[in-house]
Amino acid sequence: MRKNLFWLAGMMALPVAAEAKTEISWWHAMTGANAEVVTKIANDFNASQSDYELKPVFKGTYPETLNAGIAAFRAGQAPDIIQVFDVGTGVMMGAQGAIKPVAEVLKEGGYEFDKSQYLPGIVGYYSTPEGDMLSFPYNSSSPILYYNKDIFQKAGLDPETPPKTWAEVWAAARKIKESGAATCGYTSTWLTWIHTENFAAWNNVSWATNENGLAGTPELKIDGPLFVKHFQELADLAKEGVFVYGGRTSEAKQNFTSGECGILTESSGGLGDIVKSGMNYGIGQLPYDETAEGAPQNTTPGGASLWVMGGKSDETYKGVAAFFNYLSQTEVQQFLHEQSGYLPVTMAAYEATKGSDFYQQNPGRETPIQQMMGKAPTENSKGVRAPNLPQLRDIQNEEYEKMLAGQQDAATALKNAVERGNAAIKEAVGG
């Protein structure tokens, strides 16, 4: 008996095992400085509470991450949260049952969801027509112009005056190349997002019918005169060696940070790596075509949002809701905005940043927000949507690459992109 009492006393003295934390998986596509921000946010969230363990996993580029998510869902191994780039929004919206709307996750997790707290241009893009938020806008961005001030100085250009129109960009780029200040005058990431979708919105011309696909199945209109003029000018610059093509997504950023090119158009979210490069850089607004009536209009958000996958446990959804609530906190959003160049998704974070002297100390950092919020959107500038937008971009890139290689002119490239794109849309909707 005494022996049993000793055994019982010994058992009681043992520490009680801590309850296991619920793991939340987060697949993402962030690299470089932005990957460091993801790690910090995850670590800070994990340290802020003891119930959940957020585990970020890098899955490649934006298209690779989306494809990995689709494959994992089909195999019954989807992550809890997946970062999907803006063009994947239509794909995810069409995936009935595969996702759980963020507004629902937050409400069920006990958090009040008030869409008025979020920047309207961003929250609208990731919501249903009724206004229910489908995904959490983690890293929204706007395309802007970056330039190397030292290269501008060497070329005899004013380092404090970035070019405002495309005509001014072309002139500055030619001067950089001709003066020998750099081997390349201008480069750009994302010819689809920046030079096609945002070119349409910023210059207030139609990308497609049915309000660019937001009001129904779209038919592409990117072979209009303004697009042909713009892309032919780009093709001419490529032929002269003034424009250097880096690749379909963000590869051209390297051509700029290495000092090869003097001017870059890129996402505001590319800022972290440009700061990290130690370059003496400047920021300007996205250039517009001075012949376009009413330009500049407004840009549309890029970047990505966080989608919650369906079929998970209640406990997992509670953890996801806790993380999204944490992400919405003003200081977290302010950190994300100031460190990465992505836009703050809440009005409170934007006001807090304005209230500090951050924008005074960092000229140009408010530019992407002002571009998006400057004017009320028109039917040409609310964004673009198609059931197969990633595929449409691939088609456009194939035609642009042939054009830049001198195999066809801009009119032919855009005509082909429209014909092939419309056929692909028809196929996607079963028409």
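Okay, so let's go over this structure. Since we're looking at a predicted model, the values are computed, not measured.

**Thoughts on the overall build of the protein chain**
Okay, step 1: If you tally the helices and strands in the protein chain, you get 20 helices and eleven strands.
Okay, step 2: Relative to the compact-globule value of 22 Å for 431 residues, the protein chain shows a C-alpha radius of gyration of 24 Å, a close match.
Okay, step 3: In terms of its C-alpha atoms, the protein chain occupies a principal-axis envelope of roughly 95 × 55 × 35 Å.
Okay, step 4: Out of the 431 residues in the protein chain, the part that is buried amounts to 54%.
Okay, step 5: Across the protein chain, the fraction of contacts at a sequence separation of at least 24, relative to all contacts at a separation of at least 6, is 76%.
Okay, step 6: When the accessible surface of the protein chain is split by element, carbon and sulfur atoms take 51% of a total near 18,200 Å².
Okay, step 7: Taking the average location of the 34 positive side-chain charges in the protein chain and that of its 49 negative ones, the two points are 4 Å from each other.

**A few points about the state of the cysteines**
Okay, step 1: Across all of its chains, the model carries one disulfide by this definition.
Okay, step 2: A sulfur-sulfur separation of 2.0 Å characterises the disulfide bridge that pairs Cys184 with Cys261. Residues Cys184 and Cys261 are joined through a disulfide that is right-handed, its torsion about the S-S bond being 105 degrees. Placement of Cys184 in strand β7 (residues 184-188) and of Cys261 in strand β9 (residues 261-267) is noted, with a sequence separation of 77 residues between them.
Okay, step 3: Judged by relative accessible area, Cys184 falls into the buried class, the value being 0%.
Okay, step 4: Exposure remark for Cys261: the relative accessible area of 0% places this residue in the buried category.

**Some points on the sheet that holds strand β6 (residues 143-148)**
The pairing of strands in a sheet happens through backbone hydrogen bonds and is either parallel or antiparallel.
Okay, step 1: Pairing within the open sheet is mixed, and its five strands lie in the order β8-β7-β9-β6-β10. The two strands at the open ends of the sheet, each matched to only one other strand, are β8 (243-245) and β10 (281-284). On average, each strand axis in the sheet is tilted by 25 degrees relative to the strand beside it, whichever way the strands run.
Okay, step 2: Sheet topology places β7 next to β9; four bridges connect them, and they run parallel. Paired with Ser188 across the two strands is Thr265, which belongs to β9.
Okay, step 3: Packed on one face of the sheet, helix α8 (residues 166-179) meets β6, β7 and β9 and runs near 135 degrees to β7.
Okay, step 4: Set on the sheet, helix α9 (residues 193-202) makes contact with β6, β7 and β9; between it and β9 the angle comes to about 60 degrees.

Calculation rules
- Residues numbered from 1 in each chain as written.
- Predicted model: local features only at pLDDT ≥ 70, side-chain atom pairs only at ≥ 80, totals over all residues.
- Heavy atoms only, no water.
- Helix = DSSP H or I, 4+ residues; strand = E, 2+ residues; numbered from the N terminus.
- Rg over C-alpha atoms; globule rule 2.2 N^0.38 Å.
- Buried < 20%, exposed > 50% of the residue type's maximum accessible area, 1.4 Å probe, protein only.
- Contact = heavy atoms within 4.5 Å.
- Areas by Shrake-Rupley, 256 points an atom, 1.4 Å probe, with all protein chains shown as cover.
- Lys, Arg positive; Asp, Glu negative; His and termini not counted.
- Charge placed at Lys NZ, Arg CZ, Asp CG, Glu CD.
- Disulfide = S-S within 2.5 Å.
- Pairing = 2+ DSSP bridges.
- Axes fitted to C-alpha atoms, helices over the stretch in contact; angles between N-to-C directions.

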